[in-house]
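# Remarks on the overall topology
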Amino acid sequence: MHRRRDSATDFLFTLTLFCVFAVSSLLVVLIGVRVYRNTVESMTQNYSSRTAVAYLQEKLRENDETDAIALETRQGVSVLSLTRTLEGERYTTSIYWMDGALREMFAKQNAEIDLAAGQAIAEIEGLLIEEPQNGVWRITVQAADGDRTLLFYPKSAGGNVS
Amino acid sequence: MNRESSKSALFLMELILAILFFALAAVVCVQLFCAAHTLSTDTRDSNCAVTLAQNAAAALQSAEGDLQAAARLLQGEADTHTLQAWYTADGKACTAAEAAFKLQASAEPLQETAAVTVLRLRDNSELFCLTVSWHAPLRAA
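Quick notes on the rules
Residues numbered from 1 in each chain as written. Chains lettered and ligands numbered in written order. Predicted model: local features only at pLDDT ≥ 70, side-chain atom pairs only at ≥ 80, totals over all residues. Heavy atoms only, no water. Helix = DSSP H or I, 4+ residues; strand = E, 2+ residues; numbered from the N terminus. Rg over C-alpha atoms; globule rule 2.2 N^0.38 Å. Buried < 20%, exposed > 50% of the residue type's maximum accessible area, 1.4 Å probe, protein only. Areas by Shrake-Rupley, 256 points an atom, 1.4 Å probe, with all protein chains shown as cover. Salt bridge = Lys/Arg side-chain N within 4 Å of Asp/Glu carboxyl O. Patch = residues over 30% accessible without salt bridge, like charges linked within 9 Å, V, L, I, M, F, W, Y side chains within 5 Å. 1 Å grid on protein atoms, 1.4 Å probe; cavity = no way out; pocket = protein on both sides within 12 Å on 5 of 7 lines; lining within 4 Å. Points joined across faces, edges and corners; volume = space filled by probe spheres on them. Nonpolar A, V, L, I, M, F, W, Y, C, P; charged D, E, K, R; others polar. Pairing = 2+ DSSP bridges. Axes fitted to C-alpha atoms, helices over the stretch in contact; angles between N-to-C directions.

## Regarding the overall build of chain B
Looking only at helices and strands, one finds two helices and six strands in chain B. Counted from the first residue to the last, chain B has its helices and strands arranged as α-α-β-β-β-β-β-β. Over its C-alpha atoms chain B spans a radius of gyration of 27 Å, topping by over 25% the 14 Å that the globule rule assigns to 141 residues. Overall, chain B is about 110 × 25 × 15 Å in size when its C-alpha atoms are taken along their principal axes. Across the 141 residues that make up chain B, the buried fraction comes to 36%. Taken as a whole, chain B presents about 8,300 Å² of accessible surface, with 60% of it coming from carbon and sulfur.

## Observations regarding the pattern of salt bridges
In this structure the tally under the stated criterion is twelve salt bridges over all chains. Note that Arg74(A) and Glu72(A) form a salt bridge whose closest N and O atoms lie 3.1 Å from each other. Here Asp45(B) ties to Arg44(B) by a salt bridge, and the two come within 3.9 Å at their closest N and O atoms. Among the charged side chains, a salt-bridge network with shared partners connects Asp42(B), Arg44(B), Asp45(B), Arg120(B), Arg122(B) and Asp123(B).

## Some thoughts on a nonpolar patch on the surface
Residue and element names in this part refer to chain A. On the surface, Val23, Leu26, Leu27 and Leu30 cluster together into a nonpolar patch covering about 390 Å² of accessible area. Relative to the elements of secondary structure, leucine 27 occurs in helix H1 (residues 2-62). Look at leucine 27 and you get partly exposed, because its relative accessible area is 49%.

## Examining the layout of surface pockets
Volume-wise, the largest pocket comes out at about 530 Å³. Asp147(A), Thr149(A), Asp90(B), Gly91(B) and Lys92(B) are, among the 26 residues lining the largest pocket, the residues nearest its centre. Of all the secondary-structure elements, those providing two or more residues to the lining of the largest pocket are H1, strand S7 (136-143) and strand S8 (146-152) of chain A together with helix H1 (2-62) and helix H2 (67-74) of chain B. When the residues that make up the lining of the largest pocket are grouped by side-chain class, the tally is eight nonpolar, eleven polar and seven charged.

## Observations regarding the sheet that holds strand S6 (residues 126-133) of chain A
Residues and elements named next belong to chain A. Strand order in the open sheet formed by three strands is S6-S7-S8, with antiparallel pairing between adjacent strands. Two strands close off the open sheet at either side, each with one partner strand: S6 and S8. The average undirected angle you get between the axes of adjacent strands in this sheet is 20°. With six bridges joining them, S6 and S7 adopt antiparallel strand pairing. If you follow isoleucine 129 over to S7, its bridge partner there is isoleucine 139.

Shown next as structure tokens:
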């Protein structure tokens, strides 16, 4: 009788230990899943807004010439126009927000092209372009992870970063 | 009965060894998860800090070193040699009480330079530092 009780205790202890082991394994896996999901979500959210801001910054720097940067309203949309001369012709890169995406269109200056034909660069929720002071551009990219604001002061207006 | 007891002991021993191995693996995994989380947070904060410092540089250059004018653009405050502005974790201007980041710029008006630093208030660590220079043209008196 005594031996049988001992055997039952052994079995219960082993079973309990096994259950603790199984629960611990599950917990570690769940923690891993949560960390991985958070990291991926954060990366995905960051990607769109960061890509949009980096793209806008590079485009502005690339077109940093006197009177090259302008804010216009075309077809009811606020458009950042970057104009430059290529082989004697004036071309405009139009950057704007339409249908949930930051879009770009490169065409001859004053060409009447439907803005919906622009190429989508990044999926964002909105784009706000302002000129709070003469020569200073404030561009706000609205994305799922919040707004990102970029201030840009062109070298052609006197700026010089070092 | 003896055979049953021996089987149970063997299984227990196996289980203990498995738990030992699992415990070691779990410690390594949890450390990796923590490191991944910290790295992800640091990267997000660094990106935000770089943008804030670049914005401060643009504001200082457009204001030709006038800290008051730059502070208006950055929604911060300034005295004669220092500019300070506070931002939330996603880079929005806010008050000092609810800030995650603090931007400060120390200007050297004679050298026409300023050191822009972005601090993370949680651990008071410096996230990004940038030296800005500008040229203030001479104007007729």
